[in-house]
Amino acid sequence: MYYILYGFCYLLSLLPFWALYVLSDGIYLIIYRLVGYRKKVVRKNLSTAFPEKSEEERLVIEKKFYHWLCDYFLEAIKLLSISRKSLDKRFVLTNPEVIIDCFKEGQSVATILGHYCNWEWLSCVGKDYENDKWRVGLVYHPLYNKAADRLWQKIRSCIPNGVPIPKQDILRYLIQYKRDGIMSIFGYISDQAPKWENIHLWLPFLNKETPVFTGAERIMKKMNNAVFYVEMGRPKRGYYTCTYHLITKEPQKMEEHEITRRFFQMLEQTIRQRPEHYLWTHNRWKRTHEEFDRRFKVENGKVTKRKETDK
């Protein structure tokens, strides 16, 4: 099944960008106009995030979002065969030197980002860090479908020095790289909805009290990585920019959860500038603080279910 899937996607990736976007426009009509894929979730999220906007304004964002979502999948597949010349033209790191400076100073880097623009293209940062002693760690959540999981690993490892790493293996890789004297830059997508038992912090995010992951911050502090927020931009269809914004080079001196707080503040600012490039199909606010307090309690930093007598 994997080889069938890979073969189909590879042939699809050989299409020129203009043809991929013609196909994307057709897929848009199907998933948005005919199927209405997760349209209720998108409208609820946009209404929550932008109550100050009119229904007409939110509808414009909604349509632009679905166009981008279709582009996202085909652009990711394009990485299977994209030429280096085309990649250099279409994906630009505006300040790659800030990461190189950290490497030269002997400090590895952790970047933190959200589901904004085409995060799959961030695997392409490896083209600017081609060195035997440098690695780009691409942290991912393994998919249940094994064939699809192998395909996305292949897509994420098309660029030199890119290493797809399951999230449960992050520390093992980081520690081994440190022992071997290898500098690394790891990217953490940290805006998913955590499971109940992993909720240790709630923050205001897009007009809603939001449960957030704090695991990435703990790893950054443990490894004493320089921490950067990654801001992606899409100046036009098929073209992306990536800019690093320093959060801290001394994470162990930061107050608890301060890195996570700053990340969500910066991500929200990015989203508000061009909201159509955020992943609105994700049911981000399916868990509420009220339900959490009713069902769980936190003792010594550990989340446990309440007993009937506790409620």
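To be clear, the structure that these remarks concern was listed above.
Quantities reported herein were computed from a predicted structural model and do not represent experimental measurements.

Visitor: Explain the overall build of the protein chain to me, and be specific about the residues and the numbers.
Guide: The helix and strand inventory of the protein chain stands at 11 helices and 11 strands. Taken over the C-alpha trace, the protein chain has a radius of gyration of 20 Å; the compact-globule value for 311 residues is 19 Å, and the two agree within 12%. Projecting the C-alpha coordinates of the protein chain onto the three principal axes gives extents of approximately 60 × 55 × 40 Å. By the burial criterion, 52% of the 311 residues in the protein chain qualify as buried. The long-range fraction of contacts in the protein chain, counting pairs at least 24 apart against all pairs at least 6 apart in sequence, stands at 78%. Total accessible area on the protein chain is roughly 15900 Å²; 52% of this is exposed by carbon and sulfur atoms. A gap of 5 Å separates the mean positions of the 52 positive and 36 negative side-chain charges of the protein chain.

Visitor: I'd like to hear about the pattern of salt bridges, residue by residue, with values.
Guide: Summed over all chains, the structure comprises 15 salt bridges. Arg272 is paired through a salt bridge with Glu52; the nearest N and O atoms lie 3.8 Å apart. With Arg272 in helix α10 (residues 258–273) and Glu52 in the loop between α3 (39–49) and α4 (55–78), this residue pair connects regions lying 220 residues apart in the sequence. As a salt-bridge pair, Glu268 and Arg272 come within 3.0 Å of each other at their nearest N and O atoms. Pair noted here: Glu268 and Arg272 are both in helix α10, with a separation of 4 residues, about one helical turn. Owing to a relative accessible area of 18%, Glu268 belongs among the buried residues under this scheme. One network of salt bridges, with partners in common, ties together Asp25, Asp71, Glu75, Arg234 and Arg237.

Visitor: How would you sum up the packing of aromatic side chains? Please name residues and give values.
Guide: In total, this model carries 29 aromatic pairs according to the counting rule given. Considering the side-chain rings of Tyr177 and Phe186, the 6.4 Å spacing of their centres and the 65 degrees angle between planes classify their relative orientation as edge-to-face. One exposure class covers both Tyr177 and Phe186, and it is buried. By the ring-pair criterion, three or more aromatic residues cluster together here, those being Tyr28, Tyr32, Phe65, Tyr66, Trp68, Tyr72, Phe73 and Trp119. Lying across the ring of Phe50, Lys53 places its NZ or CZ 5.6 Å from the centre. The cationic tip of Lys78 hangs over the ring face of Phe17; the distance from NZ or CZ to the ring centre is 5.3 Å.

Visitor: For the packing of α3 against α4, give the residues involved together with the corresponding values.
Guide: Running from N to C, α3 and α4 cross one another at 130 degrees; their axes reach a closest spacing of 10 Å. As summarised for this structure, α3 and α4 are arranged oblique, according to the angle between their axes. Once α3 is placed against α4, the crossing between them reads as right-handed. Of α4, the residues touching α3 (which contributes Lys39, Val42, Arg43, Leu46 and Ser47) are Arg58, Leu59, Ile61, Glu62, Phe65 and Tyr66.

Visitor: I'd love a proper account of the environment of Trp134, names of residues and values included.
Guide: Tracing the sequence through the fold places Trp134 in strand β3 (residues 134–140). Residue Trp134 is classed as buried on the basis of its relative accessible area, which comes to 15%. Between the C-alpha atoms of Trp134 and Lys53, which are 81 residues apart in sequence, the distance is 45 Å.

Visitor: Explain the environment of Arg43 to me, using residue names and the numbers behind them.
Guide: Among the secondary structure elements, Arg43 is positioned in helix α3. Residue class for Arg43 comes out partly exposed when judged on its relative accessible area of 41%. Residues in contact with Arg43, not counting those within four places in the same chain, are Tyr32, Leu59 and Glu62.

The rules behind the values
Here, residues in each chain are numbered from 1, in the same order as that chain's written sequence. Totals for whole chains, interfaces and linings use every residue, but because this is a predicted model, local features are given only for residues with pLDDT of at least 70 and side-chain atom pairs only at 80 or more, for both listing and counting. The side-chain figures draw on all heavy atoms in the structure; neither hydrogens nor water molecules are used. A run of H or I in DSSP becomes a helix once it reaches four residues, and a run of E becomes a strand once it reaches two; helices and strands are each numbered from the N terminus. For the radius of gyration, the atom set is restricted to C-alpha positions; the globular benchmark scales as 2.2 Å times the number of residues to the power 0.38. The buried label goes to any residue with under 20% of its type's maximum accessible area, the exposed label to any with over 50%, and the partly exposed label to all in between, with areas taken from a 1.4 Å probe on protein chains only. A contact between two residues is defined here by any heavy atoms of the two lying within 4.5 Å. Throughout, the Shrake-Rupley method with a 1.4 Å probe supplies accessible areas, and for residues the shown protein chains are the sole cover considered. This count recognises Lys and Arg as positive and Asp and Glu as negative, with His and chain-terminal groups excluded. Lys charges are placed at NZ, Arg charges at CZ, Asp charges at CG and Glu charges at CD. What makes a salt bridge here is a side-chain nitrogen of Lys or Arg within 4 Å of a carboxyl oxygen of Asp or Glu, nothing more. Any Phe, Tyr or Trp ring, taking Trp's six-membered ring, that has another such ring centre within 6.5 Å forms a pair; planes under 30 degrees apart are called stacked, those over 60 apart edge-to-face, and the others tilted. The rule for a charge over a ring is simple: NZ of Lys or CZ of Arg within 6 Å of the ring centre, and within 35 degrees of the ring normal. In this description, a line fitted to the C-alpha atoms serves as the axis of each element, helices being fitted only across the stretch in contact, and the angle between N-to-C directions of two axes falls anywhere from 0 to 180 degrees. Orientation categories follow fixed angle ranges, with anything under 35 degrees roughly parallel, anything over 145 roughly antiparallel, 65 to 115 roughly perpendicular, and all other angles oblique. Note on convention: the crossing is left-handed when the near helix lies turned anticlockwise from the far helix by less than a right angle, right-handed when the turn is clockwise.

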